[in-house]
Amino acid sequence: MSKYKVAIVGAGPSGFFATQALQNSQTDDLKFEIDMIERLPTPWGLVRSGVAPDHPKIKTVSKVFEKIAAEPGFRFLGNIDLGKDITIENLRDRYDAVVLATGSGLGRKLGIPGEELRGSLSAADFVPWYNGHPDYVNVDVPLDGKVAVIIGAGNVAMDCGRILAINPEELDSTDTAPHALAALHKSSIREVHIAARRGAEHAAFTAPELRDLPKLEHTDVHLNADEVAQALARASALGEPEKEVRNNLEAMRIIAENPLAGRDRSLHLQFLLAPKEIVGSERVEGITFSINRVDGEKVVDTGETLTISCQLVISAIGYTAEPLASVPEDKGKIKNIDGRVEGNMYVVGWAKRGPSGVVGTNKSDAADVIKLLIEDLNAPKNSQGIEDLLPAGHVVVDQEKWLRINASEVAAGEALGKPRLKEVSREKLLSLGEA
Ligand code: NAP
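Scope of this entry: the structure provided in the associated data block. Bear in mind that the values here come from a model prediction, so they are computed numbers and not experimental data.

Looking only at helices and strands, one finds 14 helices and 19 strands in the protein. Its C-alpha radius of gyration of 23 Å places the protein within 12% of the 22 Å reference for a compact globule of 435 residues. Here the protein, with 435 residues, has 52% of them falling under the buried criterion. Just so you have it, the protein exposes about 19,600 Å², and 50% of that area is on carbon and sulfur atoms. Taken together, the 50 basic and 63 acidic charged side chains of the protein have centroids lying 2 Å from each other.

By volume, the second largest pocket is sized at about 290 Å³. For the second largest pocket, the lining is made up of 15 residues, of which Trp 44, Lys 59, Ser 62, Pro 419 and Arg 420 are closest to its centre. For the lining of the second largest pocket, the secondary structure elements donating two or more residues are helix H2 (46-49) and helix H3 (62-69). Ranked by the residues each element gives to the lining of the second largest pocket, the list is headed by H3, at three residues. Its residues placed into classes, the lining of the second largest pocket shows five nonpolar, three polar and seven charged.

A few words now on the site of the ligand. Near the ligand there are 23 residues, and of these Ala 153, Arg 197, Arg 198, Glu 209 and Gly 357 occur at the shortest range. Residue Ala 153 places a main-chain N or O atom 2.9 Å away from an oxygen atom belonging to the ligand. A distance of 3.1 Å separates an oxygen atom of the ligand from a polar backbone atom of Val 156. Within the complex, the protein chains bury 81% of what would otherwise be the 920 Å² of accessible surface of the ligand. Across the shell around the ligand, the residue classes break down as twelve nonpolar, six polar and five charged.

Let us now look at the packing of aromatic side chains. Scanning the model with the defined rule gives eight aromatic pairs in all. Ring plane angle 80 degrees and centroid distance 5.2 Å describe the contact between Trp 44 and Trp 402, whose orientation is recorded as edge-to-face. Here the residue Trp 44 occupies a position in the loop between strand S2 (30-38) and H2, and Trp 402 occupies one in helix H13 (residues 399-414), the gap between them amounting to 358 residues. You can call Trp 44 buried: its relative accessible area is 7%. Where Phe 126 meets Tyr 130, the ring centres are 5.1 Å apart and the plane angle is 80 degrees; that geometry is what we call edge-to-face. Of this pair, Phe 126 and Tyr 130 are both found in helix H5 (residues 123-130), four residues apart, which corresponds to roughly one turn of the helix. The same class applies to Phe 126 and to Tyr 130, which are both buried. Aromatic ring contacts, followed pair by pair, group Phe 16, Phe 17, Phe 65 and Phe 74 into a single cluster.

Any covalent bond linking the sulfur atoms of two cysteines counts as a disulfide. Taken as a whole, this structure holds zero disulfides when the rule is applied. Here Cys 160 stays unpaired: no disulfide links it, and the sulfur of Cys 310, its closest cysteine neighbor, is 14 Å away. Judged by relative accessible area, which is 0%, Cys 160 ranks as buried. Overall, Cys 310 belongs to the buried group, its relative accessible area being 0%.

Positionally, Asp 81 belongs in the loop between strand S3 (74-78) and helix H4 (88-94). Residue contacts for Asp 81: discarding those within four places in its chain leaves Arg 39 and Ile 86.

We now examine helix H6 (residues 155-165). Within H6, nine of the eleven residues are buried, which leaves the element mostly enclosed by the surrounding structure. Of all the residues in H6, the buried ones are Ala 157, Met 158, Asp 159, Cys 160, Gly 161, Arg 162, Ile 163, Leu 164 and Ala 165.

Looking now at the sheet that holds strand S9 (residues 219-222). Each strand in a sheet pairs with its neighbour through backbone hydrogen bonds, running either in the same direction (parallel) or in the opposite one (antiparallel). Taking strand neighbours across the sheet as the criterion, the six strands line up as S6-S14-S7-S8-S10-S9 in an open arrangement whose pairing is parallel. On the outer flanks of this sheet lie strand S6 (120-122) and S9, each paired with one strand and no other. Between one strand axis and the next, the sheet turns through 20 degrees on average, direction left out of account. With four bridges connecting them, S9 and strand S10 (residues 265-270) associate as parallel partners.

Taken in spatial order, the six strands make up an open sheet running S3-S2-S1-S4-S19-S18, and their pairing is mixed. In this open sheet, the two strands that pair with only one neighbour each are S3 and strand S18 (340-342). Adjacent strand axes in the sheet meet at a mean angle of 25 degrees when their direction is disregarded. Sheet analysis places strand S1 (residues 2-9) next to S2, joined by eight bridges and oriented parallel. Its bridge partner lying in S2, Val 9 is registered against Ile 37. Against the sheet, helix H12 (residues 361-376) engages S2, strand S4 (97-100), S18 and strand S19 (345-347), with an angle of about 170 degrees to S19.

Thresholds applied
- Residues numbered from 1 in each chain as written.
- Predicted model: local features only at pLDDT ≥ 70, side-chain atom pairs only at ≥ 80, totals over all residues.
- Heavy atoms only, no water.
- Helix = DSSP H or I, 4+ residues; strand = E, 2+ residues; numbered from the N terminus.
- Rg over C-alpha atoms; globule rule 2.2 N^0.38 Å.
- Buried < 20%, exposed > 50% of the residue type's maximum accessible area, 1.4 Å probe, protein only.
- Areas by Shrake-Rupley, 256 points an atom, 1.4 Å probe, with all protein chains shown as cover.
- Lys, Arg positive; Asp, Glu negative; His and termini not counted.
- Charge placed at Lys NZ, Arg CZ, Asp CG, Glu CD.
- 1 Å grid on protein atoms, 1.4 Å probe; cavity = no way out; pocket = protein on both sides within 12 Å on 5 of 7 lines; lining within 4 Å.
- Points joined across faces, edges and corners; volume = space filled by probe spheres on them.
- Nonpolar A, V, L, I, M, F, W, Y, C, P; charged D, E, K, R; others polar.
- Near = heavy atom within 4 Å.
- Polar contact = N/O pair within 3.5 Å; in protein donor to acceptor, adjacent residues only side chain to side chain.
- Phe/Tyr/Trp six-rings, centres within 6.5 Å; stacked < 30°, edge-to-face > 60°.
- Disulfide = S-S within 2.5 Å.
- Contact = heavy atoms within 4.5 Å.
- Pairing = 2+ DSSP bridges.
- Axes fitted to C-alpha atoms, helices over the stretch in contact; angles between N-to-C directions.

Here it is as structure tokens:
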């Protein structure tokens, strides 16, 4: 029987699905010991710090992650930062294979003037702020203006727009981070625009997220019915539109036809607006767009512009992977061929393919990479883990400690009618882990 030690770096969905694929590949002759190394004291990656708090169903996948973590041969090693506490070389020496599941943590830049003004921020900072990621608690999110503009037409833009546009009371029974919930309760934002640079037929939103919008109880959703009809006509002129496009446009038609109730909170979906400049002297005062039009298969600039006065701009235009020392990078991803990086190093998830797909997309993606990893295995190294390399006194959060943190957060939430009350300080998380 051969027993291999595999390090998975990153405890998000792709890390857990890679673990599951290894566990499912075991036979009487082939066994894996898996160490999941995570820089936070908590696992679950974007399921904890990305998925919107008002979408709790998506978070139920964490039950699958906990089952995977309970399998024999698995160890969670939280609070270990690759690059700071250990190096990639350490891992490559000590393990038979290393799987990088480190995601895409950096927001892509718009690259337009004014992007550095106060009140202009990336969804890569705003989303972990409201979700209680310990490193983003102090992000400056000025909510004292009336109007916010979100750039991008993907589900992240939709999440950001919804969180700003709904009545914060709708978040009271969620696991929104306490500091963010308090700030949202004081927020003066009443008008939120989501601005897409292309047409409605090109939007990256998915239909279930669009279908949620007419259900908002305290927010009027504005969408021009003519714009949706024109998008359908344009898409149909090029041939039968794909199912996703048809479903999206149908969901948008329903939004556009939903009567407005004159509520004081509004969310506006706008298309064919390419961001040109964020204006303001010390902080954001507005954003100027080039107005686009669709010309056959292309989207072209009409030469006209539109300026929306606003005090907050959030760009939700995609992510890039954080560079890792000694790991080759390629256009915001870890350089790889089908998940093989080099030697005994592999990559899965957003770090491998870029920031696309839903949580479940990572399952088949990781399984494909694990097949290659198993094909490549040589004789086992029979080496140790990495704990002896850590400085004396370094606290590692193992599965037992995480289960204590989890139980404590859930109990604190229960008392308040929430699924959990997230602890946002690393020190407090570490102390919750102690018996
Ligand atoms: P996304 O779906 O790729 O959308 C990015 C958006 O940014 C696109 O509309 C894109 O427009 C736009 N964009 C890119 N560069 C731009 C620029 N310079 N100026 C203006 N607009 C620009 O990315 P995402 O929203 O970050 O989501 C990432 C993944 O997570 C997606 O697969 C998404 O479905 C998933 N996700 C799912 C959920 C859910 O299931 N509820 C929630 C959140 C995220 P173009 O199309 O014109 O390039």
